Amino acid sequence: MAGWSSCEAIPMRREIRLRTPLEESAVRGLEVGDIVHLDGKAFAIAYAFQFQRAIDESKGGKPLPMDFKGSAILHFPTCFKEEDGKWRIVYFGPTTSSKFNKVTPEFVRRFGIRAIVGKGGMDEAVMEAMKEVGCVFLQAIGGCAVIYTKGVKGITNVYWGERHWTYAVVELELSDFGPLIVTMDTKGRRLGKEERGP
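Criteria and thresholds
Residues numbered from 1 in each chain as written. Predicted model: local features only at pLDDT ≥ 70, side-chain atom pairs only at ≥ 80, totals over all residues. Heavy atoms only, no water. Core = buried A, V, L, I, M, F, W, Y, C linked by side-chain atoms within 4.5 Å. Buried < 20%, exposed > 50% of the residue type's maximum accessible area, 1.4 Å probe, protein only. Helix = DSSP H or I, 4+ residues; strand = E, 2+ residues; numbered from the N terminus. Contact = heavy atoms within 4.5 Å.

Trainee: Got a minute to help me understand the nonpolar core in this structure?
Mentor: Across soluble globular proteins, nonpolar side chains show a tendency to be buried alongside one another. If you look at the biggest cluster of nonpolar residues, it comprises 36 residues, and the most contacted ones within it are Leu38, Leu74, Phe92, Val117, Leu138, Leu172 and Phe177. At the level of secondary structure, the elements contributing two or more residues to this core comprise strand 1 (15-19), strand 2 (35-44), strand 3 (72-74), strand 5 (86-92), strand 6 (115-118), strand 7 (136-140), strand 8 (152-159) and strand 9 (169-184). When residues of this core are assigned to their parent elements, the largest contribution, seven residues, is made by strand 9. With near-sequence residues (within four places) excluded, leucine 172 lies in contact with Gly40, Lys41, Ala42, Ala44, Leu74, Ile89, Phe92, Val152, Gly154, Ile155 and Thr156. Counting 27 residues, the second largest nonpolar core, distinct from the first, contains Phe68, Phe100, Val108 and Met122.

Trainee: Explanation requested: unusual backbone geometry in the structure shown.
Mentor: Most peptide bonds take the trans configuration, and most residues that are not glycine carry a negative phi. Note the cis peptide between threonine 20 and proline 21, where omega equals 0 degrees. Here proline 21 lies in the loop between strand 1 and helix 1 (24-28). Proline 179 follows glycine 178 through a cis peptide bond whose omega is 5 degrees. Residue position: proline 179 is located in strand 9. Backbone geometry places aspartate 176, a non-glycine residue, at a positive phi of 50 degrees. Along the polypeptide, aspartate 176 turns up in strand 9. Using a relative accessible area of 35% as the deciding quantity, one classes aspartate 176 as partly exposed.

Below you can see the structure in the form of structure tokens.
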């Protein structure tokens, strides 16, 4: 399914608050249906070419300006503006994660990603990478953009926005960011039917 508009009929289990960088043991302890809230650093990336750029530059031996290890990646287009020398979030909501199926397995393995936050599910190739590395998919609940925006304490950095600010990789500081539902865990279990992208 593409996403939930409410929490009805979701077999929830535990409510857990985690801080990034995420420990592998903590992530492997999560199970489908758990409710997660995140604190700490995360990265919002909403375009496949930015994932591919990170992979290509890493392969080429070029140091990246950001450190993804142990992080949470948010499939959230980010609308922000600069005020008095600081960036401020205007709108922040999830996009369909299956758009990133092709680039995600290598991205997860190369950078040691621990959590992906988005809408809908991802394919079996992504699941295999998650099982191998210790990464989960956290489902954002549809219609909760205002709640998620409030969970962003601030923008700490903006990378690779030279084409246009909307294409940037945005580094965020999260505080009680959630609720997020574990729908793909490290044991290969999933909650709901995944979206399959091209």
